[in-house]
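A structural walkthrough
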Amino acid sequence: MGEPQYQPVSIEQYELPKSNAGRWLGAIAALVILGLAVAAFLTSRRPTPELPMAPSAPISAPSSRQVPTAAASGNSVPFHSPMDNADGVWSIDSTRWTDRGLEVTVTIKVTRGTLRYSFFALDNKTVEDYDPIPISDHNALTQGTVHEGEKITGLVVFEKDRGDTTVYLANALGRQISALTAQG
């Protein structure tokens, strides 16, 4: 009888079968990362919660014609700006309705950090938004910077029809920091 015939042996015969687990794990990891990125983006777009508002003093009842009126509002509230890491207090010292719209005298006092500020307003009934209009008054405020220990007071004007309005102190990017009301 002759010698037995052996089949040639190769290392490939002992390899484990190819698995798709690595591809699946990579796809799941990519989906999780994408989901977290979308959630972070959507969360960053939500407005920050407002601090409680102090009541404002009533202003004369609205009329169909825009008669200039003024009243002390007594609105004042502390703020914290996460973007600037700044703290302070801001207030609406007075409001006035004129032919050019809502004129508010505001004061910003920074107790810590440096605040880069801007303003915007929302009509409480229509929810239409308004940016301050440029005015030539020497004490006009629309945007700027206040450093620790500084206090500024100035006039902000919103060209809008008379009506209850929420005025927002915002950061330099226009994101709200705090809000106060002006009666219409």
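Treat the numbers as computed from the prediction; the structure is a model and nothing was measured. (Residues numbered from 1 in each chain as written. Predicted model: local features only at pLDDT ≥ 70, side-chain atom pairs only at ≥ 80, totals over all residues. Heavy atoms only, no water.)

**As for the pattern of salt bridges**
Any two side chains of opposite charge can pair if their charged atoms end up close together. Summed over the entire model, instances satisfying the criterion amount to six salt bridges. We note a salt bridge from Asp87 to Arg112, for which the minimum N-O separation is 2.8 Å. One end of the pair, Asp87, is in strand E2 (residues 86–98); the other, Arg112, is in strand E3 (residues 101–112), with 25 residues separating them in the sequence. Owing to a relative accessible area of 33%, Arg112 belongs among the partly exposed residues under this scheme. (Salt bridge = Lys/Arg side-chain N within 4 Å of Asp/Glu carboxyl O. Helix = DSSP H or I, 4+ residues; strand = E, 2+ residues; numbered from the N terminus. Buried < 20%, exposed > 50% of the residue type's maximum accessible area, 1.4 Å probe, protein only.)

**Re the pairing of E3**
Consecutive side chains along a regular strand alternate between the two faces of the sheet. In the sheet, E2 pairs with E3 via eleven bridges, with the strands oriented antiparallel. Following the sheet pairing, Thr98 is matched in E3 by Gly101. Linking two consecutive strands that pair antiparallel, namely E2 and E3, is a turn of two residues. Summarising the sheet, E3 and strand E7 (residues 151–158) pair through eight bridges and their orientation is antiparallel. Within E7, the residue paired with Lys109 across the bridge is Lys151. (Pairing = 2+ DSSP bridges.)

**Focus on the side chain of Ser178**
Mapped onto the elements of the fold, Ser178 is located in strand E9 (residues 176–182). Of the polar contacts made by the side chain of Ser178, one reaches the side chain of Trp90; its length is 3.2 Å. If sequence neighbours within four positions are ignored, Ser178 has contacts with Val77, Pro78, Phe79, Trp90, Val167, Tyr168 and Leu169. (Polar contact = N/O pair within 3.5 Å; in protein donor to acceptor, adjacent residues only side chain to side chain. Contact = heavy atoms within 4.5 Å.)

**What to know about the side chain of Ser118**
By the element assignment, Ser118 lies in strand E4 (residues 114–123). Only 2.7 Å separates the side chain of Ser118 from the backbone oxygen of Asn171, close enough to count as a polar contact. Here Ser118 is in contact with Thr142, Gln143, Tyr168, Leu169, Ala170, Asn171 and Gly174, once residues within four sequence places are set aside.

**Some points on the confidence of the model for the protein chain**
The pLDDT averaged across the protein chain works out to 81; a share of 80% of its residues lies at or above 70. A low-confidence stretch, residues 48–73 stays under pLDDT 50, and its non-local contacts, those more than four residues away or across chains, total 62 contacts. (pLDDT = per-residue confidence, 0-100.)

**As for a negative patch on the surface**
Where like charges cluster on the molecular surface, the negative patch consists of Glu128, Asp129, Asp131 and Asp161. By the element assignment, Asp129 lies in strand E5 (residues 129–130). The exposed category is assigned to Asp129, whose relative accessible area is 53%. (Patch = residues over 30% accessible without salt bridge, like charges linked within 9 Å, V, L, I, M, F, W, Y side chains within 5 Å. Areas by Shrake-Rupley, 256 points an atom, 1.4 Å probe, with all protein chains shown as cover. Lys, Arg positive; Asp, Glu negative; His and termini not counted. Charge placed at Lys NZ, Arg CZ, Asp CG, Glu CD.)

**Re the environment of Thr142**
Locating Thr142 in the fold gives a position in the loop between E5 and strand E6 (143–147). Taking relative accessible area as the criterion, Thr142 reaches 31% and is therefore assigned partly exposed. Spatially, the C-alpha atoms of Thr142 and Gly154 are 9.0 Å apart, while their sequence positions differ by twelve residues. Apart from the residues within four sequence positions on either side, Thr142 is in contact with Tyr117, Ser118, Phe119, Pro132 and Ile133.

**Notes on the nonpolar core**
Looking at soluble globular proteins, one finds that nonpolar side chains tend to be buried together. With 26 residues, the main nonpolar core has Trp90, Ile108, Leu115, Tyr117, Phe119, Phe158 and Leu169 as its most contacted residues. Of all the secondary structure elements, the ones that give two or more residues to this core are strand E1 (69–81), E2, E3, E4, E7, strand E8 (165–171) and E9. Each residue touching Phe158, except ones within four places of it in the same chain, is listed here: Arg100, Gly101, Leu102, Val104, Phe119, Phe120, Ala121, Tyr130, Asp131, Pro132 and Val167. (Core = buried A, V, L, I, M, F, W, Y, C linked by side-chain atoms within 4.5 Å.)

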